[in-house]
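Structure assessment
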Amino acid sequence: MRFVSLMVLLAGVLAPLSGAVAARPFDVEDLVNLARVTDPQVSPDGRAVAYVLRETDRAGDRGVTGIWRVSADGDSSPVRLTAPGASASQPRWAPDGKALYFLSSRDGAAQVWRLPLGEPGEARQVTDYPVAVNAFAVSPSGNQLALSMDVFLDCTDLDCTRERLDARAADPATGVLHERVFVRHWDNWKDGRRAQLFLAEMGEDGRAAAPRRVSAGLDADIPTRPFGSADEWAFSPDGSALLFVARVEPQGEPWSTNTDIYRVATHGEPAPENLTADNRASDTSPAWSPDGGRMAWLAMSRPGFEADRYRIMLRDLADGGTREVAPAWDRSAHGLAFAPDGRSVFTWSDDLGHRRLFRVELRSGDATPLSGDGSVAGFSVGPGVLAFARQNLAAPAQLFATSLRGRNERQLTSHNAALLGEIAFGAYEQFSFAGAGGETVYGWVVKPVGFQPGQRYPVAFIIHGGPQGSMGNSFHYRWNPQTYAGKGYAVVFIDFHGSTGYGQDFTDSITGDWGGKPLEDLQRGWAAAQASYPFLDGERACALGASYGGYMINWVAGAWPDGFDCLVNHSGIFDNRSMYYSTEELWFPEWEMGGPQFLAPEGFERHNPVNKVADWRTPMLVIHGAKDFRVPLEQGLATFNALQRRGIPSQFLYFPDENHWILKPANSVQWHRVVEAWLAEWTGPGATQE
């Protein structure tokens, strides 16, 4: 057994493993009430950082976002810039730094607003269009806005889309006729509209003129759905051109991961040019070099695989010469920004249970970590300064800044300080063990709040989703280990084969082997944890998982039926066959199982939970949302039906208004209370003597 980390970070401060107990343990009520820092944006002069702070409106059962600003030197307190109550998001600096643009729906549909800084004045609405603005970007000279809006492709103006939507709303008939697949995605049924890219000139009065569509002819969503943002666009330094990402696969969109980088001139009526047509896999995150002569982007190499390694690519736009940067760096890059001198780029990647910010030199390919332990959650580059949000297992994200070489790091924000001062977190550490094939696998242990040596504690064993993801040193708002530690449970979780941050071969190893190596890693990791941590009571343990983790709960129920006292399955797959024919992103099961089900049935049957229902005997709580189209509701219902028909103690928690995730504060609290009651029923939260 080799321990990777014997130090524990508690709320940003080193603390001993014994775990000092504060006034009260952490609880889900604290979780939903924490303010969340996101989207840092460094000012043009590098002296300030604007960011988004999400606060919880419990009475309204929603999150409310606002725009804040703080000095980059850390010598002043943050200042709220937008009024409380009305959400504002996507802060973007005017090129001269004298104003901030942002999105707000304070007067109805989301539109772009402009807030002057350093002078008296209220925020002023910049766009006033008949449809909502999804995302935007400001040109380097400030004379144009790039905008995304949902429109019908055959409409020539925005009024056409508005009129058609109003007519549909007035029609008593509610049927929608679809002519091609991908009729729903994530949590929305499609209505024929596409998110299209527009440019709007800024008038002398500070308002945007009528926009013109620059993505005409592309049957695609810009930015990509469901999680794309304006980070998929980039104006050239001189403002003459715009790079953007699109997946133009109208007939094969559900089974294609082929996104491309397009370039379009910002004046005239040119057609968009596909710059990455030769790569049939994903291309994304375009960035211009400061001199405008080069383009960097992230590219996968295997079509159909959503978890392939993102390589950093660099192209000379004059001669077309293209090469991969840092081909020997075995990490998958996410997010991309040039350093001001154009000699390096910044990106983040999962890395051995952490999510680190890296500086990658373009000439040598050297990748240097800049952010230390924990998980980066967004970054921005400015003159001489790098701002980023970072979190860890015992601290929600705060804003930090450092030099472009990672020196002189300072913390800029301390939101939640009063609340965090009232509560205690469980101490944690990382461990490693020999997993499947003898390869090193990593896991984490979190001690219960109030831990006392010589006591044994029941265990919450969490299995992460993805499956190509990582559950590591991060503060999670849906699966937070500290909510269990606060109830007296020790927590164990394993980054099994297939997880990210350990090299692409490790990530690839789960494909076609969902119930093989990962299950072996979970079994070995659980045994290793019990051998190394005597306070883990292996006779009182419950396993919990969501998405792929929920699939694994169903697989554990049949393949490891004596492993745990109870199980919790959130949005888990019950039957690989029916899942294939009812999910939306078909590229995922087709890659993982070896092709379409009708061509590769053996791949879908190899580790299919439905085939082991006869071996199920462990009590299970099943949870599912009706708006989950990634893993449709029927998978959860089938799981519950199977449990009930077998006579196995079971419960079904159904959310009619939630998707693959539980997002509303009241629903999150209910989710946790039901799960806590289930664990208590089968394991009991009290400590016992070793």
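Residues numbered from 1 in each chain as written. Predicted model: local features only at pLDDT ≥ 70, side-chain atom pairs only at ≥ 80, totals over all residues. Heavy atoms only, no water.

**Structural notes on the packing of aromatic side chains**
Tallied over the full model, the rule gives 36 aromatic pairs. Where Phe431 meets Tyr533, the ring centres are 5.9 Å apart and the plane angle is 70°; that geometry is what we call edge-to-face. One end of the pair, Phe431, is in strand 35 (residues 428-434); the other, Tyr533, is in the loop between helix 6 (517-532) and strand 39 (536-546), with 102 residues separating them in the sequence. With respect to burial, Phe431 and Tyr533 carry one shared label: buried. A ring pair is formed by Phe475 and Tyr477, whose centres lie 5.6 Å apart and whose planes are at 70°; its orientation type is edge-to-face. Through a chain of ring-to-ring contacts, three or more aromatic side chains come together here, namely Phe431, Phe433, Phe451, Tyr457, Tyr533 and Phe535. (Phe/Tyr/Trp six-rings, centres within 6.5 Å; stacked < 30°, edge-to-face > 60°. Helix = DSSP H or I, 4+ residues; strand = E, 2+ residues; numbered from the N terminus. Buried < 20%, exposed > 50% of the residue type's maximum accessible area, 1.4 Å probe, protein only.)

**A closer look at the pairing of strand 23 (residues 294-299)**
Burial within strand 23 is extensive, with five of its six residues counted as buried. By the bridge criterion, four bridges tie strand 22 (residues 283-288) to strand 23 in an arrangement that is antiparallel. Looking at the pairing, Asp283 lines up with Ala299 of strand 23. In this structure, the hairpin formed by strand 22 and strand 23 is closed by a connection of five residues, where Gly292 is found at a positive phi of approximately 75°. Strand direction decides the pairing type here: strand 23 and strand 24 (residues 311-316), joined by six bridges, are antiparallel. Bridging from a neighbouring strand, Met295 pairs with Arg315 of strand 24. (Pairing = 2+ DSSP bridges.)

**Structural notes on the nonpolar core**
By size, the foremost hydrophobic cluster in this structure holds 55 residues, and its most contacted members are Phe461, Val492, Trp526, Leu536, Met552, Phe564 and Trp616. No other element matches helix 7 (residues 548-559), which puts seven residues into this core. Setting aside residues up to four positions removed in sequence, Phe564 forms contacts with Phe461, Trp526, Ala541, Cys542, Ala543, Val556 and Thr618. In terms of nonpolar packing, the next biggest core, distinct from the first, is built from 41 residues, Trp479, Val568, Val675 and Trp678 among them. (Core = buried A, V, L, I, M, F, W, Y, C linked by side-chain atoms within 4.5 Å. Contact = heavy atoms within 4.5 Å.)

**Observations regarding the sheet that holds strand 22**
If you walk across this open sheet you meet the four strands as 22-23-24-25, and the pairing is antiparallel. The open sheet terminates on both sides in strands that have one partner only, identified here as strand 22 and strand 25 (322-325). On average, each strand axis in the sheet is inclined to that of its neighbour by 25°, with strand direction left out of account. (Axes fitted to C-alpha atoms, helices over the stretch in contact; angles between N-to-C directions.)

**What to know about the state of the cysteines**
Summed over the entire model, instances satisfying the criterion amount to two disulfides. Shown here is the disulfide that connects Cys155 with Cys160, its sulfur atoms set 2.0 Å apart. One disulfide, between Cys155 and Cys160, carries an S-S torsion of -55° and so falls in the left-handed class. Across the disulfide from Cys542 sits Cys566; the S-S distance is 2.4 Å. One disulfide, between Cys542 and Cys566, carries an S-S torsion of -130° and so falls in the left-handed class. (Disulfide = S-S within 2.5 Å.)

**So, the pattern of salt bridges**
For the structure on display, the rule yields 41 salt bridges. Across the pair Arg405 and Glu361 runs a salt bridge, and its minimum N-O distance is 3.0 Å. Placement of the pair is Arg405 in the loop between strand 32 (395-402) and strand 33 (410-411) and Glu361 in strand 28 (residues 354-361), with a sequence separation of 44 residues. Given a relative accessible area of 17%, Glu361 falls into the buried group. Where Arg456 meets Asp537, a salt bridge forms, and the shortest distance between an N and an O atom there is 3.5 Å. Placement of the pair is Arg456 in strand 37 (residues 455-463) and Asp537 in strand 39, with a sequence separation of 81 residues. Here the salt bridges do not stand alone but share partners, grouping Arg180, Arg194, Asp219, Asp221, Arg247 and Glu253 into one network. (Salt bridge = Lys/Arg side-chain N within 4 Å of Asp/Glu carboxyl O.)

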